[in-house]
Each structure stands twice: as C-alpha cells, then as structure tokens.
Amino acid sequence: MNKSKKRVLAIGAFVSACALIAAACTPPTGPAPRTWRVKAVSAEVLDQEDPDLGDEPYAIQLGFRSKVGVANSSWASVRSDCPWQLAAQDAAPSGTLHNFDNGASDIVFPDVQNLDIGDVLLELAPLEIFGTMTFLVERDVLPGFDSCEVGAFIDSALTGVLVDSLNLLIAASPIPPTEQELVDMIVANLGNFLEAAGHAIGIQIEGLGNPDDLLGLAVQIHLPTQGAFTNLLNIGFQLAGLANGELPIEELPDTMKVRIGHLLPSSATFDFEGPNYHYKVSTAVAP
C-alpha cells in the first residue's frame, strides 16, 4: 500500500474516531432549546444618497427557518422599523452612524436546538436551517405620511414563495442542502423580487409619488451549531477562502451580499455602494 493511500485511510480513521467520541459524549436528550435574536444594529453613512442635508435610513428584516426532512416545517416573517423607528428628517448626513436601537426590525427565533456533531450523528434532533434578509431602506416619503409600503411589498412578494421553496428544498429532503443550493434558491427568489420591486417603484407605490429607496440587501444563513460542529464548519469556511463567511458571488451587484454563519453570539458588517451612495450596515446575533 503506498504512502498517500495510507495517509487517506489514517485521516478517515481519525475523523471516524472523533465522530464516535463526540457521539458518545452527547446527552441522549439532545440540546436544550434556546431563543436567538438577529438584530439590524446600525448604518454607517459614508456617502449619503439624498442631495439634501442628510438621509433617513431604516431597516426591514425577513426571517426564515426550516427543518431538514420535516414536511411543511418552513416559516418566514417580516419585521420593520417602519413606522416604529423612523429617523428624523435629515438625521443621517455623510460621515455619521445611525443606530437601529429599539428592536422593531429584530427577528426572533424561539426553541432553537444548537447541535453538536454527536447530535447530528445520533439524530437526536432535526437539523434546522435559519436565515435572515436585512434590507437597508432610505426614507423618501414626505413628513406627515406614515406609509410603510416597502415592508408590505416585501412581505407579499417574498414570504409565501420563500416558504414554498424551503418546504421543497429543505423540509422535504432527508439530506441537508448544500450551501450552493441554498444560495441558488435565495438568489433566484430575490431576482424575481427585485424585478418586481423595480416595476412597483416605477409606478410609485409610496405617498405622493416619492417611494422609499432600497439601498442594500444582506442575506445570511445562520447554522444552529455548537462545539465541534461549529469548529469543523469554521475550518471549512477558512479553506473555502470566505471572508467572515461571505460568499463571493460575481453575478451579484455591490448592493447585495450573501453570508454563511452560525446562530451564535456574533456580528457582521456589509458594505453597500450604489451609483450615488455608500453605506456600511452592521447586524448581530444575540440571545
């Protein structure tokens, strides 16, 4: 037997041994459920969009989840800063940081089981896929109008089709989808959404013909891991050359980012640059 083949066999035996040890150390009842919250934290205005004294940014988030192999287990919902946390007029000129600090757009995931490798091997709990879409929006509706049509449009255009897609891709499958399959599904749905959104904005969906502007979109997959499972996936991210889990998808515009991470205490920042604006948006996962 040659050395390279021996090395492959040795690595395989080592991985198998680690998996068996992890499985043996896993409590038979599985992990205790937890509640996680994904927050839109802040928007740093590097270059404001509006040609006046300042911008009025706010956040809309769409959260979704689905259990692998559990039929019809998918869920999606939209939360928005509009009308609860709208910035004052001209509140965010270039060079300022605007905080989304009252939690109006937070996505809450209750009853989450963060799985270790042993939990997966012993099938103590179904593997669940979580995700968020964070929309950066700039308010253009005139003062005194409380219209929130962008959030309503996102809800009507995306939640239903996303639940249907997740039920087919994840809930109906005994095998977890690959990262690329997840990204392909999300990008395909968002492509349809952005096309529809452009049409809707073109026919002026908001008050007095002055619709709010979609400046950026951060799509995140949050994997509910812990322990060795988290470490193994982090090694995989590093080997794939992912910066903070962000997927380098060439066909995406600079105003859309896709990232793979964990449903654990963490933060991420996304850089959105359009024809006449530049923002950095921060999000966080917290208990």
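Rules used throughout
Residues numbered from 1 in each chain as written. Predicted model: local features only at pLDDT ≥ 70, side-chain atom pairs only at ≥ 80, totals over all residues. Heavy atoms only, no water. Pairing = 2+ DSSP bridges. Helix = DSSP H or I, 4+ residues; strand = E, 2+ residues; numbered from the N terminus. Buried < 20%, exposed > 50% of the residue type's maximum accessible area, 1.4 Å probe, protein only. Disulfide = S-S within 2.5 Å. Contact = heavy atoms within 4.5 Å. Expected span 1.5 Å × (residues − 1). Bend = angle between axes of the 7 residues up to and from the residue. Salt bridge = Lys/Arg side-chain N within 4 Å of Asp/Glu carboxyl O. Axes fitted to C-alpha atoms, helices over the stretch in contact; angles between N-to-C directions.

Asker: Could you give me a rundown of the pairing of strand E1 (residues 34–47), with the residues and numbers involved?
Answerer: Sheet faces and side chains relate simply in a regular strand, where the side chains alternate between the two faces. Pairing of E1 with strand E5 (residues 107–112) involves four bridges; the strand directions are antiparallel. What sits directly across from Arg37, in E5, is Val108. Here nine bridges tie E1 to strand E10 (residues 277–286), and the two strands are oriented antiparallel to one another. Counted as the bridge partner of Ala40 is Thr283 from E10. Examined bridge by bridge, E1 and strand E4 (residues 96–99) share four bridges and lie antiparallel to one another. The partner of Val45 across the bridge, within E4, is Thr96.

Asker: Describe the environment of Ala87, listing the residues and the values that go with them.
Answerer: Structurally, Ala87 can be placed in the loop between strand E3 (75–80) and E4. For Ala87, a relative accessible area of 18% corresponds to the buried category. C-alpha separation for the pair Ala87 and Phe100, spaced 13 residues apart in sequence, amounts to 9.1 Å.

Asker: So what's going on with the state of the cysteines? Which residues, and what values?
Answerer: One pass over the full model with this rule turns up one disulfide. Paired through a disulfide, Cys82 and Cys148 show a sulfur-sulfur distance of 2.0 Å. Residues Cys82 and Cys148 share a disulfide whose torsion about the S-S bond is about -80°; that sign makes it left-handed. One end of the pair, Cys82, is in the loop between E3 and E4; the other, Cys148, is in the loop between strand E6 (128–138) and helix H3 (149–171), with 66 residues separating them in the sequence.

Asker: Can you explain the environment of Ala286? Please cite residues and give values.
Answerer: Note on placement: Ala286 falls in strand E10. Residues Ala286 and Thr35 lie 251 residues apart in sequence; the distance between their C-alpha atoms is 8.9 Å. Residues contacting Ala286, with those up to four places away along its chain left out, are Trp36 and Arg37.

Asker: A description of H3 should follow, citing residues and the corresponding values.
Answerer: The end-to-end C-alpha distance of H3 is 31 Å, a good match for the 33 Å that 23 residues give at a rise of 1.5 Å each. Along H3, the largest kink reaches about 30° and is centred on Leu158.

Asker: I'd like a rundown of the pattern of salt bridges, residues and numbers included.
Answerer: Under the defined criterion, the tally for this structure stands at four salt bridges. Note that Asp212 is salt-bridged to Arg139, the shortest N-O span being 2.8 Å. Taken as a pair, Asp212 in the loop between helix H4 (179–202) and strand E7 (213–223) and Arg139 in the loop between E6 and H3 lie far apart in primary sequence, 73 residues in all. According to the relative accessible area criterion, Asp212 is buried, its value standing at 0%. Looking at Arg139, the relative accessible area reads 7%, which means it is buried. Look at the salt bridges and you will find they share partners, linking Arg37, Lys39 and Asp106 into a network.

Asker: Pulling in residues and values, what's your account of the sheet that holds strand E8 (residues 256–262)?
Answerer: As a general point, the strands of a sheet are linked pairwise by backbone hydrogen bonds and lie either parallel or antiparallel. Pairing is mixed across the open sheet formed by five strands, whose spatial order is E3-E2-E6-E7-E8. Strand pairing shows two members of the sheet lacking a second neighbour, E3 and E8, which therefore form its edges. Across the sheet, the axes of successive neighbouring strands diverge by a mean angle of 15°, strand direction being ignored. With nine bridges connecting them, E6 and E7 associate as antiparallel partners. By the bridge assignment, Leu136 is partnered in E7 with Gly216. Packed on one face of the sheet, H3 meets strand E2 (57–67), E3, E6 and E7 and runs near 20° to E2. Set on the sheet, helix H5 (residues 227–239) makes contact with E7 and E8; between it and E8 the angle comes to about 145°.

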